[in-house]
Structure formats: structure tokens, C-alpha cells
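# Architecture and fold: a report
Each chain, letter by letter, is given below.
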Amino acid sequence: MSLPEDVGNRIRELRKAKGWTQEQLAEAAGLHYSYIGGVERGDRNISLETLEKIINAFKVPAVEIFKFEEETDYRKAFDEHITLISALDVEELLSITKINREIITNFKKISN
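Everything in this summary refers to the structure shown in the same document.

Basis of the calculations
- Residues numbered from 1 in each chain as written.
- Predicted model: local features only at pLDDT ≥ 70, side-chain atom pairs only at ≥ 80, totals over all residues.
- Heavy atoms only, no water.
- Helix = DSSP H or I, 4+ residues; strand = E, 2+ residues; numbered from the N terminus.
- Buried < 20%, exposed > 50% of the residue type's maximum accessible area, 1.4 Å probe, protein only.
- Contact = heavy atoms within 4.5 Å.
- Areas by Shrake-Rupley, 256 points an atom, 1.4 Å probe, with all protein chains shown as cover.
- Lys, Arg positive; Asp, Glu negative; His and termini not counted.
- Charge placed at Lys NZ, Arg CZ, Asp CG, Glu CD.
- Phe/Tyr/Trp six-rings, centres within 6.5 Å; stacked < 30°, edge-to-face > 60°.
- Expected span 1.5 Å × (residues − 1).
- Arc of directions from axis to C-beta.

All right, on to the overall build of the chain then. Looking only at helices and strands, the chain features 6 helices and 0 strands. With the principal axes as the frame, the chain shows a C-alpha extent of 50 × 30 × 20 Å. Put simply, the chain has 112 residues, and 31% of those count as buried. Sequence separation of at least 24 residues holds for 58% of the intrachain contacts in the chain that already meet a minimum separation of 6. Only carbon and sulfur atoms are counted for the fraction: they give 55% of the accessible area of the chain, which is about 7600 Å². Where the 16 positive side-chain charges of the chain centre and where its 20 negative ones centre are 3 Å apart.

The structure is reproduced here in C-alpha cells:
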């Protein structure tokens, strides 16, 4: 697979994890929906500025676009988690982290 195809597939994965259509991603990024389709298929050689618009629309770290691991149930769940927390402000994120830490600690105690 080529880099444009890998990036396009990853954008599709993140879009689906967010529960967005191509039209919704296009609107959030200030692009046309047919352009998003071309990007996801790897037909478009997008500029860094356009890639930045897409990353900003997702509100995820740029590195997330370049994680080309095989799509698994774990990866889908992880992507969904990232998209859920990406819109939170710092205080909300710190609160969620504290809650998650407690849940994970208790879950590990129960499962051992």
C-alpha cells in the first residue's frame, strides 16, 4: 500500500470511530465531501495544510493519522476512546483520567 492509501484508510478509521459521515468530516474540516472520499481512497495527494484541517477537525494528535496498525477490535475501541476524549478541555480530561485510573485499578483487583 502507498502512503496516501495508508493515510486515507486511517482517516476513514478515525471518521468511523467518531461516528461521522464523509459529509460531516468535510464540514468540520472546511472541505468538500467528495474530496474526503478521494482522500480516503488514496486518490488524492493532499497537502500538509489540508491534512492539518482534517487533524484539527478530529481534534486528535497528528501522530494518530500515521498509526497504520492492522485494524482490530482493540484498535477500534482505542480510536473510539480517543475521539470521545478529544473534545474535552484539560480539567475534564484530568477528571476522566482520574476516574479511569480508579476503574482500571478496581477491575484489575477483581480479575486477579
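What follows is about helix α3 (residues 33-41). For α3, the complete set of buried residues consists of Tyr35, Ile36, Gly37, Gly38, Val39 and Glu40. On its buried face, α3 is in contact with α1 (3-18), α2 (22-29) and α4 (48-58). Positive backbone phi, approximately 80°, marks Gly42, located one or two places after α3.

Scanning the model with the defined rule gives 3 aromatic pairs in all. Pairing Phe66 with Phe68 gives two aromatic rings, centres 6.2 Å apart and planes at 75°, and the pair type is edge-to-face. Measuring from centroid to centroid gives 6.3 Å for Tyr74 and Phe78, while their planes differ by 15°, and the two rings are stacked. Placement of the pair is Tyr74 and Phe78 together in helix α5 (residues 73-85), with a separation of 4 residues, close to one helical turn. By relative accessible area, which is 63% here, Tyr74 ends up exposed.

A separate point is α5. Each full turn of the α-helix corresponds to 3.6 residues, which orients residues three or four apart in the same direction. Between its first and last C-alpha atoms α5 spans 19 Å; for 13 residues at 1.5 Å apiece the expected length is 18 Å, and the two agree. Of all the positions in α5, only Arg75, Asp79, Ile82 and Thr83 are classed as buried. The buried residues of α5 all sit within an arc of 95° when viewed along its axis, so they share a single face. Away from the buried face of α5 by more than 90 degrees, exposed residues Asp73, Tyr74 and Leu84 are located.

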